[in-house]
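# Summary of the model geometry
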Amino acid sequence: MSILDKLHSDRVTVIRSVVIVDEYGGAYEEQREILSNIPCRLSQKWLKSVTPGMINSSAQEYKLFVGLNVDIKQNDLLKVIRKADGAVYMFKASKPLAYNIIKHKEIALTEVSENEVDYGA
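All values reported here derive from a predicted model rather than from experimental measurement.

Rules used throughout
- Every chain's residues receive numbers from 1 upward, in the order its sequence appears when written.
- Under the rules for a predicted model, residues below a pLDDT of 70 receive no local features and side-chain atom pairs below 80 are neither given nor counted, while totals for whole chains, interfaces and linings still include all residues.
- The basis for every side-chain value is the complete set of non-hydrogen atoms in the structure, without hydrogens or water.
- By definition, any uninterrupted DSSP run of H or I lasting at least four residues is a helix, any uninterrupted run of E lasting at least two residues is a strand, and each is numbered from the N terminus.
- For the exposure calls, accessible area comes from a 1.4 Å probe over protein chains only, and a residue counts as buried if that area is under 20% of its type's maximum, exposed if over 50%, partly exposed in between.
- Polar contacts, as counted here, are pairs of nitrogen or oxygen atoms within 3.5 Å of one another; within protein the pair requires one atom able to donate a hydrogen and one able to accept it, and residues that are adjacent in sequence qualify only if both atoms are side-chain atoms.
- The contact definition used throughout considers only heavy atoms, calling two residues in contact when any of these lie within 4.5 Å.
- We define a salt bridge as a side-chain nitrogen of Lys or Arg found within 4 Å of a carboxyl oxygen belonging to Asp or Glu.
- In plain words, nonpolar cores are sets of buried Ala, Val, Leu, Ile, Met, Phe, Trp, Tyr and Cys residues tied together by side-chain atoms within 4.5 Å.

A separate point is the side chain of D76. Its place among the elements puts D76 in the loop between strand 3 (57-66) and strand 4 (77-81). For D76, a relative accessible area of 3% gives the class buried. Only 2.8 Å separates the side chain of D76 from the side chain of R16, close enough to count as a polar contact. For D76, the residues in contact, after removing those within four places along its chain, are V14, I15, R16, D71, F91, K92 and A93.

Here's what the structure looks like:
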């Protein structure tokens, strides 16, 4: 077991839009679970300050670390479950950046959050 394997204590499910062709030749897109329960590490990079106004808001930046063999593409939806507290996060993936010295991929994330939506574990 490598040091990275020990650090990848969180889990990610990869959801991707795929084109489906029906029996009449019509095509439509559908969200499909491509991978599930993949070891990963979620990192919280920094918190932008609260922006005052009608609705106070703040922005959080996250990164995801996975093995080189994990098939994550730009714009995939990622459901991450933290081992520490069981919290569930939904993100949209940026283009993965691969590293060969310490073999892993690093993915900048955009949080996908909707009011009153429970993504569940």
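Attention now goes to the pattern of salt bridges. All chains considered together, the criterion is met by 5 salt bridges. Between R16 and D71 there is a salt bridge; the shortest N-O distance is 3.2 Å. Placement of R16 in strand 1 (residues 10-21) and of D71 in the loop between strand 3 and strand 4 is noted, with a sequence separation of 55 residues between them. The buried category is assigned to R16, whose relative accessible area is 12%.

For the rest of this paragraph, the subject is the nonpolar core. In this structure, L64, I72, L78 and L109 are the most contacted members of the largest nonpolar core, which totals 16 residues. For this core, the secondary structure elements donating two or more residues are strand 1, strand 2 (27-51), strand 3, strand 4, strand 5 (88-93) and strand 7 (104-111). Excluding residues within four positions of it along the chain, I72 makes contact with V14, R16, L64, V66, L78, A93, P96 and I107.

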